[in-house]
Structures are given as structure tokens and as C-alpha cells.
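Secondary and tertiary structure notes
Chain residues, written in single-letter form:
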Amino acid sequence: REREREQAMNVLKEAVAALLLLPRFLVTALLLCMLDILCIRKRLLSREQSASSADDPPLCVSDTNRLFTLESLRAIWHGQKLDFFKSAHVGSPAPNPEVVELRGQERVRLLDYSRGARPLVLNFGSCT
């Protein structure tokens, strides 16, 4: 029973996200379609004009280089969903995930390392 309730909440959450993301997704898809139309238009016009400037970079690389494809739309939808469900947002409190200390293998919260008003800096780089 609890599992069914959790599944129903997940379905509801996905449906609400889809409704909220749909306008932004459609605008993005429209822009990609317009860019493809501009690319095709430029290619057709450049065929009519024999003299083209060498300084002008090509808008399209090839005939198969399209922006408005099913794969690109899937990637955009996936990226927008990831952005919608992320836990860190500008202007909101920082997430406080669990981390494992290297010394004692003890689980602690990340913000337990912050001290007073000093900012907590995380460095995800390498020292090579």
C-alpha cells in the first residue's frame, strides 16, 4: 500500500513537471526549427550567389547537420527535466547531502563543516 502511494506520487510529480516544462520545451523546439530554416535559407541563397565571402563562416556544416532532430529534442527534454528536479537553485539554501569522512568512515552532513559566517568552499579539482 505504501509502495503504491509512493508510485502514485512519483507519477503525479512527473506529470506536474511535464506541464510546467512543456512551454519552455516548445519554445526551445521552435527556436531550433527556426535556426534550421535559416540555415537552409542561407544555403539556398549561397547557391544562387556565386561570389561568397571567405570571411563569412558557414552557418551549416553539412546537409545532415540539423538542430531540429528527434535526438536533439530528447536531449533538450532530458536536460530541462534534470534542471527542474535539481536540489540546488540560485537564491535558495544550499543542499546538505550526506558525505563520508575519510578518516573514520563516519557519515556526516556537508554543512557540518561550515564554521560561522565563513563560506564553505568545495574544490573538485586535482593537484597534478
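Details of the structure are given in the entry above.
Just so it is clear, the structure is predicted and the values come from calculations on it, not from any experiment. In this convention, every chain numbers its residues from 1, walking through the sequence in written order. Local features in this predicted model are restricted to residues of pLDDT 70 or higher, and side-chain atom pairs are both shown and tallied only at a pLDDT of 80 or more, whereas totals for entire chains, interfaces and linings draw on every residue. Note that the side-chain values use all heavy atoms of the structure and ignore hydrogens as well as water.

Two rings from Phe, Tyr or Trp (for Trp, the six-membered ring) form a pair when their centres sit within 6.5 Å of each other. Planes less than 30 degrees apart are called stacked, planes more than 60 degrees apart edge-to-face, and all others tilted. Scanning the entire structure with this criterion turns up two aromatic pairs. Pairing Phe-25 with Trp-77 gives two aromatic rings, centres 5.2 Å apart and planes at 85 degrees, and the pair type is edge-to-face. Residue Phe-25 is found in helix α1 (residues 2-48), and its partner Trp-77 is found in helix α2 (residues 70-85); the two are separated by 52 residues along the sequence. Three labels apply to residues, based on accessible area from a 1.4 Å probe with only protein chains included: buried if under 20% of the type maximum, exposed if over 50%, partly exposed otherwise in between. A relative accessible area of 14% places Phe-25 in the buried class. Each ring, one from Phe-84 and one from Phe-85, has its centre 5.1 Å from the other, and the planes form 85 degrees; the classification is edge-to-face. Relative accessible area serves as the criterion here: at 32%, Phe-84 is assigned to the partly exposed category. Numbering of helices and strands starts at the N terminus; helices are DSSP runs of H or I of at least 4 residues and strands are runs of E of at least 2.

Moving on: unusual backbone geometry. Backbone geometry places Gln-105, a non-glycine residue, at a positive phi of 55 degrees. Considering the arrangement of structural elements, one finds Gln-105 in the loop between β1 (98-100) and β2 (107-109).

Now for the side chain of Asp-36. Relative to the helices and strands, Asp-36 resides in helix α1. By relative accessible area, Asp-36 is classed as buried at 7%. We call two residues contacting when some pair of their heavy atoms lies within 4.5 Å. Residue contacts for Asp-36: discarding those within four places in its chain leaves Arg-66, Leu-67 and Phe-68.

Two joining distances apply to patches: 9 Å for like charges and 5 Å for nonpolar side chains (Val, Leu, Ile, Met, Phe, Trp, Tyr), and every residue must have over 30% relative accessible area and no salt bridge. Values of accessible area rely on a 1.4 Å probe in the Shrake-Rupley scheme; residue burial ignores everything except the protein chains shown. Salt bridge, as used here: a side-chain nitrogen of Lys or Arg that lies within 4 Å of a carboxyl oxygen of Asp or Glu. Together, Met-9, Leu-12, Val-16, Leu-20, Phe-84 and Phe-85 make up an exposed nonpolar region whose accessible area comes to about 540 Å². Sorting the residues of the nonpolar patch by element identifies α1 and α2 as the ones contributing at least two each. With four residues, the top contributor of residues to the nonpolar patch is α1.

Time to look at the nonpolar core. In this structure, Phe-25, Ala-29, Leu-32, Leu-73 and Ile-76 together form the largest nonpolar core, which totals five residues. For this core, the secondary structure elements donating two or more residues are α1 and α2. It is α1 that contributes the most residues to this core, three residues altogether. Once residues within four sequence positions are removed from consideration, Ile-76 is found in contact with Phe-25, Thr-28 and Leu-32. Put simply, buried Ala, Val, Leu, Ile, Met, Phe, Trp, Tyr and Cys residues joined by side-chain atoms within 4.5 Å make one nonpolar core.

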